[in-house]
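# Commentary on secondary and tertiary structure
For reference, the chains in residue letters:
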Amino acid sequence: MTDNRLASGVASSAGSNSTSNSGGDISSNISSNISSNATRGTAPLPATLDALRAALGDDAVRIGEQIGEHAMTDWTRHDPTRPAALLLPRSTEEVSRALAICHAAHQPVVPQGGMTGLAGGAIARSTDIALSLERLTGVEEIDAASATLTVRAGTTLQTAQEAAAEAGFELALDLGARGSCQIGGNLATNAGGNRVIQSGTARDQVLGLEVVLANGDVLTSLGKMVKNNTGYDLKHWFIGSEGTLGVITRAVLRLHPPRAARHTALVALDGYAAAVNLLRRLSSRFGNDIGAFEIMWPDFYDFGVKLTGTRSPFADPHPLYALIEHASFDASDDGERFSCALTEALDSAVIRDAVIAQSVADVRALWAIRECTAEFPVRLDAINFDVSLPIGEIGAFVDRCRAALDQQWPGNVSYFFGHIGDSNLHVTVDGHSIPGVDHHAVYAFVYEMLRSLHGSVSAEHGIGLLKREFLPISRSPAELAAMAAIKHALDPHGILNPGKLF
Ligand SMILES: Cc1cc2nc3c(=O)[nH]c(=O)nc-3n(C[C@H](O)[C@H](O)[C@H](O)COP(=O)(O)OP(=O)(O)OC[C@H]3O[C@@H](n4cnc5c(N)ncnc54)[C@H](O)[C@@H]3O)c2cc1C
């Protein structure tokens, strides 16, 4: 690598205004209320499938061997299950017809996007009907005056990014699964990704949304206005709702001016306090021109270097590494100011060492280390955590978590990394290193450590199937009751993605 080395509360009766609680009883009541409303655990009636074929056409209703592996599980590879049927609607109207039929039949439906989710949210049971958005694709419009892109939900993130770029704009959302994940899935999970520090989460990109409700009603709010105070902002109920409140069919997304110059640096640090110090220095100098601030602890960094076959640009190992992107609107920005800021940080001993990528190949090589997580499902028996904590507390949490894991399961191999600028820490424990230990025990052990810190059990991947029993660690009984009330109001038969989230 060529480098430029710089030197060597709703219900007050719940009685809690805390964000965490120990109310396991209350949450299990909520779950059982919702599932008892809903869900027939039996295969769809032949009459339901006939009605769906009549409404969508035979080729849009697949059963049995016609359903490929893609529809059976998401990126977690958890419990692959062939759904009872797979629907492939081509339009909002067809989604609406399908849901109206399933609502009348009390038939559970699981919306499926690109199946890159990391919480098991899109996995259907063998008695569920999966509804894939894969035929609902295409960018419908780019409105240069409003700086918006109107897109169908099944369009991949990468396709939407490319369309924005061709029109001279930038879609701020970006994540490693960009080639497969869909805009509908991104919004249903309120995806985060690499640029949250700069432009916010998926939620922050949305101006308008079209959603089909459980009973087939179409809620079209495809406004392009930034300001619109006309009552409840309904789109926010569906963003991050993981397919439990409605099927997203179209969206109007904000576009941004393109960042014309990007500079990427890999920095070696003494420890977490230094990382926060650097983050604050760079933020005060560059504001949201800091486009990524990714922290890698040595276990993760060494693994990423090995996995990608990259040579570490540093001769010596360091306690912490940060991958930082500076993204400027100014095409003539040659990175000198960014480089100076890092030199100053080096001179004042905030950082130990740094390299700045000098070519596109360098940038790719540095990002490949961070994005080696794409290989985790293949290389590891990955027990993944996607938690958030106040930024100042993450370093201490990592130390505590590592010590506790080592005490509980000596010899465990665990990797720590995260989008620290967004208060988001990822931990992956390799189940291969602790043979015979049930994954559930590891989940419970780590999540329990978050309770007293008022941390979140999901920063960005969502609750889905895999984290639902841990939701009460991060949500109070009053919050859970409010969520259940919204779910019941919008989906009284509980047909949409039953067993997820709650
Ligand atoms: C390599 C890799 C990197 C990743 N990096 C990140 C990252 O940095 N940040 C991040 O947040 N996530 C990341 N993810 C997770 C994943 O990509 C995101 O959660 C993504 O938003 C899921 O989109 P999808 O289309 O694949 O959804 P799916 O996995 O198909 O579904 C996810 C959930 O959304 C629901 N859903 C899907 N489409 C719709 C719709 N149209 N209407 C209603 N509900 C719907 C499903 O029912 C399910 O509950 C990564 C995944 C991989 C494999």
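Since the model is a prediction, treat every value here as computed from it, not as a measurement.

### Thoughts on the sheet that holds strand E15 (residues 413-419)
The strand order E13-E10-E12-E11-E15-E16-E14 describes an open sheet built from seven strands, whose pairing is antiparallel. This sheet does not close on itself; its edge strands, each paired only once, are strand E13 (353-356) and strand E14 (382-388). The sheet shows a mean angle of 15 degrees between the axes of neighbouring strands, taken without regard to direction. Bridge count between strand E11 (residues 290-296) and strand E12 (residues 320-328): six bridges; the pairing is antiparallel. Residue pairing for E12: Met296 is matched across the bridge by Tyr321. In this fold helix H10 (residues 336-347) packs onto strand E10 (261-269), E11, E12 and E13, with an angle of close to 10 degrees to the strand it touches most, E10. Sheet strands in contact with helix H14 (residues 439-451) are E14 and strand E16 (424-430), and its direction is about 15 degrees off that of E14.

### Notes on the side chain of Asn186
Inspection of the secondary structure assignment puts Asn186 in helix H5 (residues 183-188). For Asn186, the residues in contact, after removing those within four places along its chain, are Leu157, Leu173, Leu175, Cys181, Ala191 and Ala202.

### What about the UniProt feature "domain: FAD-binding PCMH-type" (unreviewed entry) in the protein?
Feature annotation in UniProt places "domain: FAD-binding PCMH-type" (unreviewed entry) on residues 78-258, given in this structure's numbering. The straight-line gap between the two end C-alpha atoms of residues 78-258 is 38 Å; of that span, 20% is helix and 22% is strand.

### Observations concerning unusual backbone geometry
A positive phi is found at Asp79, a non-glycine position, where the angle reads about 35 degrees. Checked against the element boundaries, Asp79 lands in the loop between strand E1 (61-62) and strand E2 (85-87). On the accessibility criterion, Asp79 (49% relative accessible area) is partly exposed. For His106, which is not a glycine, the phi torsion comes out positive at approximately 55 degrees. With respect to the helices, strands and loops of the structure, His106 is situated in the loop between helix H3 (92-104) and strand E3 (109-112).

### A closer look at the pattern of salt bridges
Overall, the coordinates contain 27 salt bridges when judged by the stated rule. Its salt-bridge partner being Glu294, residue Arg370 comes within 2.6 Å of it at the nearest N-O pair. With a gap of 76 residues between them, Arg370 in helix H11 (residues 360-370) and Glu294 in strand E11 connect regions that are remote in the sequence. Given a relative accessible area of 6%, Arg370 falls into the buried group. On the basis of relative accessibility, which here comes to 1%, the residue Glu294 falls in the buried class. Through salt bridges with shared partners, a single ionic network connects Asp59, Arg90, Glu94 and Arg135.

### Here's the deal with the pairing of strand E6 (residues 148-152)
Counting buried residues along E6, four of its five residues qualify, which places the element largely inside the surrounding structure. Two strands pair when backbone bridges link them, and strand E5 (residues 139-143) and E6 are joined in this way by four bridges, in the antiparallel orientation. By the bridge assignment, Ile142 is partnered in E6 with Leu149. Taking the residues between adjacent antiparallel strands as the criterion, E5 and E6 are bridged by four residues, where Ala147 takes a positive phi near 55 degrees.

What counts as what
Residues numbered from 1 in each chain as written. Predicted model: local features only at pLDDT ≥ 70, side-chain atom pairs only at ≥ 80, totals over all residues. Heavy atoms only, no water. Pairing = 2+ DSSP bridges. Helix = DSSP H or I, 4+ residues; strand = E, 2+ residues; numbered from the N terminus. Axes fitted to C-alpha atoms, helices over the stretch in contact; angles between N-to-C directions. Contact = heavy atoms within 4.5 Å. UniProt positions renumbered as here; feature names shortened; annotations may be inferred. Buried < 20%, exposed > 50% of the residue type's maximum accessible area, 1.4 Å probe, protein only. Salt bridge = Lys/Arg side-chain N within 4 Å of Asp/Glu carboxyl O.

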